[in-house]
Amino acid sequence: MNVESPVRVEDKLYYNRYLVDIGHPHVKVRAHTTPSPQLLALLKACPARCYELNDNGQVEITVDGCIECGTCRVIAEPTGDIEWSHPRGGYGVQFKFG
Amino acid sequence: MIEERFDAIVVGAGMAGNAAALTMAKRGMKVLQLERGEYPGSKNVQGAILYADMLEKLIPEFREEAPLERHVIEQRFWMMDDRSHVGMHYRSDEFNEERPNRYTIIRAQFDKWFSSKVREAGATLLCETTVTELVRDERERIVGVRTDRRDGEIHADVVVLAEGVNGLLGTRAGLRARPRPDNVALAVKEMHFLPRETIEARFNLKGDEGVVIEAAGTISRGMTGMGFIYANKECISLGIGCLVADFQRTGQTPYGLLDQFKSHPSVAPLVAGTEVKEYSAHLIPEGGYKSIPQLYGEGWVVVGDAAQLNNAIHREGSNLAMTSGRIAAEAIGLVKSRGEPMSAANLSIYKKMLDDSFVIKDLKKYKDLPPLMHTQSQNFFLTYPQLISKAMQNFVRVDGTPKAEKEKATLKSFVKARSWAGLFGDACRFARAWR
Ligand SMILES: Cc1cc2nc3c(=O)[nH]c(=O)nc-3n(C[C@H](O)[C@H](O)[C@H](O)COP(=O)(O)OP(=O)(O)OC[C@H]3O[C@@H](n4cnc5c(N)ncnc54)[C@H](O)[C@@H]3O)c2cc1C
Ligand code: SF4
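Keep in mind that this is a model prediction, so the values were computed, not measured.

### Thoughts on the overall build of chain B
Now for step 1: For chain B, the count of helices and strands is 15 helices and 17 strands.
Now for step 2: Its C-alpha atoms give chain B a radius of gyration of 23 Å, near enough to 22 Å, the size a compact globule of 435 residues would have.
Now for step 3: Expressed as lengths along the three principal axes of its C-alpha atoms, the size of chain B is roughly 85 × 50 × 40 Å.
Now for step 4: Per-residue burial over chain B gives 61% buried out of 435 residues.
Now for step 5: Relative to all contacts within chain B whose residues are 6 or more apart in sequence, the contacts with residues 24 or more apart total 72%.
Now for step 6: Of the roughly 17700 Å² of accessible surface on chain B, 52% is carried by carbon and sulfur atoms.
Now for step 7: Averaging the locations of the 59 positively and 56 negatively charged side chains of chain B gives two centres separated by 6 Å.

Dropping the structure here:
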């Protein structure tokens, strides 16, 4: 069973507090023409749905809602598909409860 | 560059880092602690159950001051299929003791308090500072760190890596491997707010009594994983986690699982009408004993989740983090008191002390369980929960079928799903791994 989730992650992220470091994304996707299986897996595995397919079928990332879990790093850094760093000190998600 | 030289630099102000910094500062060492979050705890996620004993060893009077939620008097284990759960409860008034054994906590609030104790003990804390690199000398020893602040490089005799499960520094410096998809789980979690009285009524509690529920079964859709529901004073922590490798393999979404768990008929009444105030996610080390990396080297030690010191079977992590942080700090203190250098040979005493503690003993006990759970995930998390639930329903539903026939049918369903050899094999494998 693989039910497509009707859940809107955007609504969930809206609860959180972020300090977005404009112009300094901490995760980058390597330029590609056809996405690897690892990159494609991120479309589903990222809990903040930061990864999306663009019109040309390539995987893109928008880090603004990233909750810094590291899942994409574990999956796609070894293949060189992404570059992962922590946001600069003080930036990114700020959990009030955690 | 900060000209001052420190006895120790601690990277991270989580459970492990705070324990290490506190222990060293109390011994009069000059400690610098660096934390990338706006405040300690702002990047950290936990269930969360706090185990009193391990904190008591660090701060004996913590019960009077720490932001604790509820002391746990009841534990529920649920084995779930899509519409039901078979449960086990353990509730005891003995947990209403003078010095309770377990509490629920809210990590961001707890970490802030823990950190205030570290600073009271004399450590210097710099928040909003991401350490970007470890600094080596010409003999390849770790002698400090580089940060994203303008004043760059800072030196110390020893660096304590308490950077958590997704630690970049240790892996970038080649001190340990990057976590693999099959030895870390991704957990997603929400905080559900409700009036205190409603929580107490729903969970059958009075005063500061608390309940925790751990749940496994079809909620993880055949992946290796578990759900949890913990009662706090005015909110409920609810989450679910599965191995990253399983998410990768199945294409299930973490938020999809979370919402399905929330709407399960056994869970929905507990969170009906709540106001959600946060959605978080975090990795949990699940590889156990076999995934523990090298724990020390020339000028460095690694503690807590960064060293995969996490007991996924018992959902214990913060206590292993606190204990490894404390023990590493004690080991460093010993080396320093002898006036000796922080060499790998001298720091090896940390591993010896840790091997003698419950941290390594517990992880060793379960060394075969993580791979077993992973390779058998369909059976343990899908087939058995469904079978057990069916069996239970068969047992309690009164419909005129003779009991002997019912038992036969139940047994047949088990054998049909797993075969005699399968059932026997699973039982043996499980028993062997548990022993
Ligand atoms: C959903 C969930 C539920 C859990 N439930 C429980 C439970 O009920 N009981 C239990 O005992 N354990 C539980 N755990 C495990 C527990 O949270 C961890 O074992 C524990 O937090 C590990 O502590 P740590 O100090 O090693 O790492 P962390 O608490 O992750 O701390 C690491 C710190 O280092 C900082 N940091 C990292 N890199 C850098 C850098 N480069 N520069 C500066 N700062 C940096 C981070 O910001 C962070 O503050 C749970 C975990 C999760 C995810
Ligand atoms: S770190 Fe986690 S939340 Fe952020 S982009 Fe990667 S998978 Fe998504």
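### Digging into the site of ligand 1
Now for step 1: Close contacts around ligand 1 come from 41 residues, with Ala 16, Glu 35, Arg 107, Asp 305 and Ser 318 of chain B the closest.
Now for step 2: Those chains with residues close to ligand 1 are chains A and B.
Now for step 3: A distance of 3.2 Å separates a nitrogen atom of ligand 1 from a polar atom in the backbone of Arg 36 of chain B.
Now for step 4: Here Ser 318 of chain B contributes a side-chain N or O atom positioned 2.7 Å from an oxygen atom of ligand 1.
Now for step 5: Coverage of ligand 1 by the protein amounts to 98% of the 1000 Å² it exposes when considered alone.

### Some details on the pairing of strand β12 (residues 209-217) of chain B
Residue and element names in this part refer to chain B.
Now for step 1: In terms of burial, β12 is largely enclosed, as nine of its nine residues are buried.
Now for step 2: Burial along β12 is two-sided: the face carrying Glu 209, Val 211, Ile 213, Ala 215 and Gly 217 and the face carrying Gly 210, Val 212, Glu 214 and Ala 216 are both buried.
Now for step 3: Here strand β4 (residues 68-80) runs beside β12; their pairing, made up of nine bridges, is parallel. Considered in β12, the bridge of Met 80 is made with Gly 217.
Now for step 4: Bridge count between β12 and strand β13 (residues 225-231): four bridges; the pairing is antiparallel.

### Thoughts on the nonpolar core
Now for step 1: Core analysis: the largest hydrophobic core is formed by 74 residues, its most contacted members being Phe 62, Phe 114, Leu 309 and Tyr 350 of chain B.
Now for step 2: Per-element tally for this core: the top contributor is helix α10 (residues 318-337) of chain B, with nine residues.
Now for step 3: Ranked by size, the runner-up nonpolar core spans 61 residues in total, among them Val 9 of chain A together with Leu 238, Val 244 and Ala 281 of chain B.

### Some details on the environment of Leu 50 of chain B
All names here are of chain B.
Now for step 1: Of note, Leu 50 is situated in strand β3 (residues 49-51).
Now for step 2: Assessed through its relative accessible area of 0%, Leu 50 is described here as buried.
Now for step 3: Along the primary structure Leu 50 and Arg 202 are separated by 152 residues, whereas in three dimensions their C-alpha atoms are 22 Å apart.
Now for step 4: Setting aside anything within four residues of it in sequence, one finds Leu 50 in contact with Met 15, Leu 55, Phe 62, Leu 68, Asn 101, Arg 102, Tyr 103, Ile 105, Phe 110 and Met 322.

### Quick notes on the interface of chain A and chain B
Now for step 1: Contact residues are listed per partner, giving 44 residues for chain A and 56 residues for chain B.
Now for step 2: For the chain A and chain B pair, buried surface summed over both sides reaches about 4100 Å², with 53% attributable to carbon and sulfur atoms.
Now for step 3: When the area that chain A buries against chain B is broken down by residue, the three leading residues are Arg 73, Phe 95 and Phe 97 of chain A, summing to 19%.
Now for step 4: Our count for the chain A to chain B interface comes out at six salt bridges.
Now for step 5: The closest approach of N and O atoms between Arg 17 of chain A and Glu 38 of chain B, which form a salt bridge, is 3.0 Å.
Now for step 6: Looking at the side of chain A that touches chain B element by element, the count peaks at five residues for helix α2 (residues 37-45) of chain A.
Now for step 7: Broken down by class, the residue content of the side of chain A that touches chain B amounts to 22 nonpolar, 13 polar and nine charged.

### A word on the site of ligand 2
Now for step 1: Taken together, 13 residues lie around ligand 2, and Cys 46, Cys 66, Cys 69, Gly 70 and Cys 72 of chain A are the ones closest in.
Now for step 2: Per-class residue counts for the shell around ligand 2 are ten nonpolar, two polar and one charged.

### A closer look at helix α4 (residues 107-120) of chain B
All names here are of chain B.
Now for step 1: Taking 1.5 Å as the rise per residue, α4 with 14 residues should run 20 Å; its terminal C-alpha atoms sit 20 Å apart, in good agreement.
Now for step 2: Listing the buried residues of α4 in full gives Arg 107, Ala 108, Phe 110, Asp 111, Trp 113, Phe 114, Ser 115, Lys 117 and Val 118.
Now for step 3: Once α4 ends, the next one or two residues include Gly 122, with phi positive near 115°.

### Let's talk about a nonpolar patch on the surface
Residue and element names in this part refer to chain B.
Now for step 1: A contiguous nonpolar surface patch, about 330 Å² in accessible area, is contributed by Met 392, Phe 395 and Val 396.
Now for step 2: Counting through the fold element by element, Phe 395 comes out in helix α14 (residues 377-396).
Now for step 3: Among the residues examined, Phe 395 registers a relative accessible area of 62% and is labelled exposed.

### Describing unusual backbone geometry
Residue and element names in this part refer to chain B.
Now for step 1: The linkage connecting Gly 47 with the following residue, Ala 48, adopts the cis geometry, with an omega of 10°.
Now for step 2: For Ala 48, the position within the fold is in the loop between β2 (31-34) and β3.
Now for step 3: Positive phi, close to 50°, is recorded for Arg 221, a residue that is not glycine.
Now for step 4: Turning to its location among the elements, Arg 221 is positioned in the loop between β12 and β13.
Now for step 5: For Arg 221, a relative accessible area of 13% puts it in the buried group.

Rules used throughout
- Residues numbered from 1 in each chain as written.
- Chains lettered and ligands numbered in written order.
- Predicted model: local features only at pLDDT ≥ 70, side-chain atom pairs only at ≥ 80, totals over all residues.
- Heavy atoms only, no water.
- Helix = DSSP H or I, 4+ residues; strand = E, 2+ residues; numbered from the N terminus.
- Rg over C-alpha atoms; globule rule 2.2 N^0.38 Å.
- Buried < 20%, exposed > 50% of the residue type's maximum accessible area, 1.4 Å probe, protein only.
- Contact = heavy atoms within 4.5 Å.
- Areas by Shrake-Rupley, 256 points an atom, 1.4 Å probe, with all protein chains shown as cover.
- Lys, Arg positive; Asp, Glu negative; His and termini not counted.
- Charge placed at Lys NZ, Arg CZ, Asp CG, Glu CD.
- Near = heavy atom within 4 Å.
- Polar contact = N/O pair within 3.5 Å; in protein donor to acceptor, adjacent residues only side chain to side chain.
- Pairing = 2+ DSSP bridges.
- Core = buried A, V, L, I, M, F, W, Y, C linked by side-chain atoms within 4.5 Å.
- Buried area = accessible area lost by both parts, 1.4 Å probe.
- Salt bridge = Lys/Arg side-chain N within 4 Å of Asp/Glu carboxyl O.
- Nonpolar A, V, L, I, M, F, W, Y, C, P; charged D, E, K, R; others polar.
- Expected span 1.5 Å × (residues − 1).
- Patch = residues over 30% accessible without salt bridge, like charges linked within 9 Å, V, L, I, M, F, W, Y side chains within 5 Å.

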